[in-house]
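# Structure at a glance
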Amino acid sequence: MASRRPSTRARPQLSDEASGYVRGMIMSGELPPGMAVRAETIGAALGISTTPAREALQALRVEGFLELVPRRGFQVAVLTGQDVRDLFTVQALIAGELAARAAVAATPEDLSELEALHHELIAASARGNLELLEEKNHAFHREINLIAGAPKIIWALGLMTRYVPRKFYSSIAGWPEATANDHAQLLADIRSHDAQASRVDMQAHVEHAGELLAVHFDERTSAAAVDVTAGPPD
């Protein structure tokens, strides 16, 4: 079938690219609460000027990921594993609705595309190619959303998924296995045109991913807090 995906994709605005970069580091626990974040450092890391980097930090302040502390600048706001779970709970509800609609609307061509993506995902997992696995995972979910044919709901989902950047899952224990196993069940649900099962299993899949990330996040931030309080070695 002709792919719904565009052959080219424009590079995001520099400020959006910078905000995505910082947001990803916060969500993965690489930037723990209280850590200073400077526009100059972000600009240098991405090879951009400080102006879009500063715009990105302002945007992340509005989103609640950063705080602006007088005389100290931007620093990472308090974020917990429960906050991560809450974000995924909302995402799961929206993704479940899209999966239910996809189960009703899916054509044989749509199912063939999903099956091909799933087989590519399984192959990437078997080879330990986590970068390709993440790419195919994203494509699988995107295909389901497009099959659903609900652009306004997809837009709402996009508001949530931007808080969870794609390229960090490979560092989370259990995620590759969960992806392969959960997707097999989702594919079976959609192939059977079972809207309710598709809804339930998609919600469970997204919440499962959220739980893995929340545990990972708490572990990373706890370790960072210990490093800070321990001080330099004697």
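Thresholds, definitions, all that
- Residues numbered from 1 in each chain as written.
- Predicted model: local features only at pLDDT ≥ 70, side-chain atom pairs only at ≥ 80, totals over all residues.
- Heavy atoms only, no water.
- Helix = DSSP H or I, 4+ residues; strand = E, 2+ residues; numbered from the N terminus.
- Buried < 20%, exposed > 50% of the residue type's maximum accessible area, 1.4 Å probe, protein only.
- Contact = heavy atoms within 4.5 Å.
- Areas by Shrake-Rupley, 256 points an atom, 1.4 Å probe, with all protein chains shown as cover.
- Core = buried A, V, L, I, M, F, W, Y, C linked by side-chain atoms within 4.5 Å.
- Axes fitted to C-alpha atoms, helices over the stretch in contact; angles between N-to-C directions.
- Parallel < 35°, antiparallel > 145°, perpendicular 65-115°, else oblique.
- Pairing = 2+ DSSP bridges.
- Salt bridge = Lys/Arg side-chain N within 4 Å of Asp/Glu carboxyl O.
- Expected span 1.5 Å × (residues − 1).
- Left-handed = near helix turned anticlockwise from the far one by under 90°.
- pLDDT = per-residue confidence, 0-100.

Turning next to the overall build of the protein chain. Secondary structure summary: the protein chain contains nine helices and two strands in total. The N-to-C order of helical and strand elements in the protein chain reads α-α-α-β-β-α-α-α-α-α-α. Taken over 234 residues, the protein chain has a buried fraction of 41%. For the protein chain, the proportion of contacts with a sequence separation of at least 24, taken over those separated by at least 6, is 77%. Summed over all atoms, the accessible surface of the protein chain reaches about 12200 Å², with 55% contributed by carbon and sulfur.

Generally speaking, soluble globular proteins have nonpolar side chains that are buried together. In terms of nonpolar packing, the biggest core is built from 61 residues, with Val-22, Ile-26, Met-27, Val-37, Leu-66 and Ile-144 touching the most fellow members. Considering every element that reaches this core, the biggest residue donor is helix H4 (residues 81–105), with 10 residues. Once residues within four sequence positions are removed from consideration, Leu-66 is found in contact with Ile-26, Val-37, Leu-57, Leu-60, Arg-61, Phe-74, Gln-75, Val-76 and Ala-77.

In contact at an axis separation of 11 Å, helix H1 (residues 14–27) and helix H2 (residues 39–46) are set at 105° when each is read in the N-to-C sense. Judged on the interaxial angle alone, H2 and H1 are roughly perpendicular. Note on element contacts: H2 touches H1 through Ile-42, Ala-45 and Leu-46, opposite Glu-17, Ala-18, Tyr-21 and Val-22.

One ladder, built from four bridges, connects strand S1 (residues 66–69) with strand S2 (residues 73–76); its direction is antiparallel. Paired with Glu-67 across the strands is Gln-75, a residue of S2. Once S1 ends, the chain turns through three residues before running back antiparallel as S2, passing Arg-71 with a positive phi of about 65°.

All told, the structure shown has six salt bridges when counted by the stated rule. Close ionic contact of Glu-63 with Arg-23 constitutes a salt bridge, the shortest N to O distance being 3.1 Å. Of this pair, Glu-63 sits in helix H3 (residues 50–63) while Arg-23 is found in helix H1, placing the two residues 40 residues apart along the sequence.

Now for the side chain of Asn-137. Along the chain, Asn-137 falls in helix H6 (residues 130–148). The exposure class of Asn-137 is buried, given its relative accessible area of 11%. Apart from the residues within four sequence positions on either side, Asn-137 is in contact with Leu-121, Trp-175, Thr-179 and His-183.

We now examine H1. Compared with the 20 Å implied by 1.5 Å per residue over 14 residues, the 20 Å span of H1 between its first and last C-alpha is a close match. Among all positions of H1, only Ser-15, Ala-18, Ser-19, Val-22, Arg-23, Gly-24, Met-25, Ile-26 and Met-27 are buried.

Right, let's get into the packing of helix H5 (residues 108–127) against H6. Axes are the key here: two packed helices are described by the angle between their axes and the distance separating the axes. Between H5 and H6, whose axes approach to 8 Å, the crossing angle comes to 165°. Relative to H6, the element H5 is oriented roughly antiparallel. Both H5 and H6 take part in a crossing whose hand is left-handed. Contacts between H5 and H6 pair Asp-110, Glu-113, Leu-114, Leu-117, His-118, Glu-120, Leu-121, Ala-124, Ser-125 and Arg-127 from the former with Leu-132, Leu-133, Lys-136, Asn-137, Ala-139, Phe-140, Glu-143, Ile-144 and Ile-147 from the latter.

We now examine the confidence of the model for the protein chain. Per-residue pLDDT for the protein chain has a mean of 86; in total, 87% of the residues score no lower than 70. With pLDDT under 50 throughout, residues 5–11 is counted as low confidence; its partners more than four residues away or in other chains account for seven contacts. Counting interchain partners and residues more than four positions distant, the pLDDT-below-50 stretch residues 228–234 has zero contacts.

In this section: the environment of Glu-143. Mapped onto the fold, Glu-143 is located in helix H6. Among the residues examined, Glu-143 registers a relative accessible area of 2% and is labelled buried. In this structure, the C-alpha to C-alpha distance between Glu-143 and Leu-114, residues 29 residues apart in sequence, is 7.0 Å.

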